[in-house]
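Breakdown of the fold
Listed below are the residues making up each chain.
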Amino acid sequence: NAGVTQTPKFQVLKTGQSMTLQCAQDMNHEYMSWYRQDPGMGLRLIHYSVGAGITDQGEVPNGYNVSRSTTEDFPLRLLSAAPSQTSVYFCASSLQNNQPQHFGDGTRLSIL
Amino acid sequence: AQSVAQPEDQVNVAEGNPLTVKCTYSVSGNPYLFWYVQYPNRGLQFLLKYITGDNLVKGSYGFEAEFNKSQTSFHLKKPSALVSDSALYFCAVRDKKKVNTGFQKLVFGTGTRLLVSP
C-alpha cells in the first residue's frame, strides 16, 4: 500500500523561483492537508482540502497556493520562494474529520 | 483557542525502564487528543487517540496514554522502553471550532525527543 506519496524528497531553490510540491494518496480520503515543520514549532497548517474542488487556508498560507482537482492529488505551489520558506513540508490525509491523519515522508526544501 | 504544551524538549531513559512523555492541553469542552511519533526522515505516524470513554488509552507499539481531566493532561507512557522507541513524539488536539467547510484542524505541540539508551 502506497499511502501518501510526496515528491520530490529534497529540493534546493533560489530566491524568487517557483515550484510545486506533489502529494498523492491512494486511500480515497476526502480530507487532505499541508503542514510545514520547523524546529521548535511543531507542525503548522498551511492549506487544507475537504474534497475535490474545495480548499481553504490554514494558519500560515501566505506565499503558497493549492488546488484539488481530484480526490487523489493535492499539490502545493510556492509562488516566489523566499528563504523563510526553508522547511520540511508534510502532506497528510484522513478519511473523516475525526480520524487519524496519514502522513507522507515529507519534502525537505531549502531556499538560498 | 485549543492548544497543547509539551514541557520537555527531550526525555532520556534507559532501555527496560518505564517512560513518560508529558502533554497538557487547553480546550473548551471535551478534547479530542492524539499522539503521533516521527522517526528520522519520515512522516508522523499515529500512535493513539482519546475521544471519550476510558481514561487509559492503548495504542501501537505497546504505548498507552492516560487522560486526566482534572490536570488537563494526556501523558504518553510505556512500561518498558526499547532503543527503537527513540524518536520525536507529538501531542495534538483537534480544534473544536468548525470553519464553514466543516474542517477541524489539528493543533500540534512542539514535540519531545525521546532518547532511549542501551
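Just above sits the structure.
Being a predicted model, the structure only gives us computed values, none of them experimental.

Rules of the game
- Residues numbered from 1 in each chain as written.
- Chains lettered and ligands numbered in written order.
- Predicted model: local features only at pLDDT ≥ 70, side-chain atom pairs only at ≥ 80, totals over all residues.
- Heavy atoms only, no water.
- Pairing = 2+ DSSP bridges.
- Helix = DSSP H or I, 4+ residues; strand = E, 2+ residues; numbered from the N terminus.
- Polar contact = N/O pair within 3.5 Å; in protein donor to acceptor, adjacent residues only side chain to side chain.
- Contact = heavy atoms within 4.5 Å.
- Buried < 20%, exposed > 50% of the residue type's maximum accessible area, 1.4 Å probe, protein only.
- Phe/Tyr/Trp six-rings, centres within 6.5 Å; stacked < 30°, edge-to-face > 60°.
- Lys NZ or Arg CZ within 6 Å of the ring centre and 35° of its normal.
- Buried area = accessible area lost by both parts, 1.4 Å probe.
- Salt bridge = Lys/Arg side-chain N within 4 Å of Asp/Glu carboxyl O.
- Nonpolar A, V, L, I, M, F, W, Y, C, P; charged D, E, K, R; others polar.
- Core = buried A, V, L, I, M, F, W, Y, C linked by side-chain atoms within 4.5 Å.

With that settled, the discussion passes to the pairing of strand β8 (residues 64-68) of chain B. All names here are of chain B. When strand β7 (residues 56-58) meets β8, the two strands line up antiparallel, connected through three bridges. Pairing of Leu56 across the sheet is with Glu66, part of β8. Count of turn residues in the β7/β8 antiparallel hairpin: five residues, of which Tyr61 carries a positive phi of about 60 degrees. Where β8 lies against strand β9 (residues 73-78), five bridges are found, and the strand directions are antiparallel. Counted as the bridge partner of Glu64 is Lys77 from β9. Joining the antiparallel neighbours β8 and β9 is a turn of four residues, in which Thr72 adopts a positive phi near 45 degrees.

All names here are of chain B. Residue position: Gln6 is located in the loop between β1 (3-5) and β2 (10-14). There is a polar contact of 3.0 Å between the side chain of Gln6 and the backbone oxygen of Tyr89. Non-local contacts of Gln6, meaning those with residues more than four positions away in its chain, are made with Lys22, Trp35, Tyr89, Phe90, Cys91, Gly109, Thr110, Gly111 and Thr112.

Residues and elements named next belong to chain A. Covered by surrounding structure in strand β1 (residues 4-7) are Val4 and Gln6 only, the residues Thr5 and Thr7 on the alternate face being uncovered. With four bridges joining them, β1 and strand β3 (residues 19-25) adopt antiparallel strand pairing. When the sheet's bridge partners are listed, Thr5 is paired in β3 with Ala24.

In this structure, Ala5(B) sits in strand β1. Setting aside residues no more than four positions away along its own chain, Ala5(B) makes contact with Lys22(B), Cys23(B) and Thr24(B).

Attention now goes to the packing of aromatic side chains. A complete count under the given rule lists 14 aromatic pairs over all chains for this structure. Among the aromatic side chains, those forming a connected cluster through ring pairs are Tyr35(A), Phe103(A), Phe34(B), Tyr36(B), Phe46(B), Phe90(B) and Phe108(B). The ring of Phe74(A) carries the charged tip of Arg68(A) above its face, separated from the ring centre by 5.9 Å.

Right, let's talk about the interface of chain B and chain A for a bit. At the interface, 24 residues of chain B touch 24 residues of chain A. When chain B packs against chain A, close to 2000 Å² is buried across both sides, 54% of that on carbon and sulfur atoms. Summed over the shared surface of chain B and chain A, the result is one salt bridge. Here Arg42(B) ties to Asp105(A) by a salt bridge, and the two come within 2.9 Å at their closest N and O atoms. Where chain B meets chain A, there are four residue pairs in polar contact (both at pLDDT 80 or more). Elements with a contribution of two residues or more to the side of chain B that touches chain A: β5 (33-38), β6 (44-50), β10 (87-94) and β11 (106-108) of chain B. Tallied by class, the residues present in the side of chain B that touches chain A amount to 11 nonpolar, nine polar and four charged.

So, on to the environment of Leu21(A). The topology assignment puts Leu21(A) in strand β3. Remark: the alpha-carbon pair of Leu21(A) and Tyr48(A), spanning 27 residues in sequence, is separated by 14 Å.

Turning our eyes to something else, we now look at the nonpolar core. Leu33(B), Trp35(B), Leu47(B), Leu48(B), Phe74(B), Leu76(B) and Tyr89(B) are the most contacted members of the largest nonpolar core, which has 27 residues in total. Contributing elements (two or more residues each) for this core: β2, β3 (19-21), β5, β6, β8, β9, β10 and β12 (112-117) of chain B. The dominant element in this core, judged by the number of residues it contributes, is β10(B), at four residues. When neighbours within four sequence positions are excluded, Leu47(B) is seen to be in contact with Trp35(B), Tyr36(B), Val37(B), Gly59(B), Ser60(B), Tyr61(B), Phe63(B), Leu76(B) and Tyr89(B). Within the second largest apolar cluster, 19 residues are counted, among which are Leu43(A), Phe90(A), Ala92(A) and Ala92(B).

As a further point, take the pattern of salt bridges. Residues and elements named next belong to chain B. Tallied over the entire structure, the rule returns six salt bridges over all chains. In this structure, the salt-bridge partner of Asp85 is Lys78, at a minimum N-O distance of 2.8 Å. The same class applies to Asp85 and to Lys78, which are both buried.

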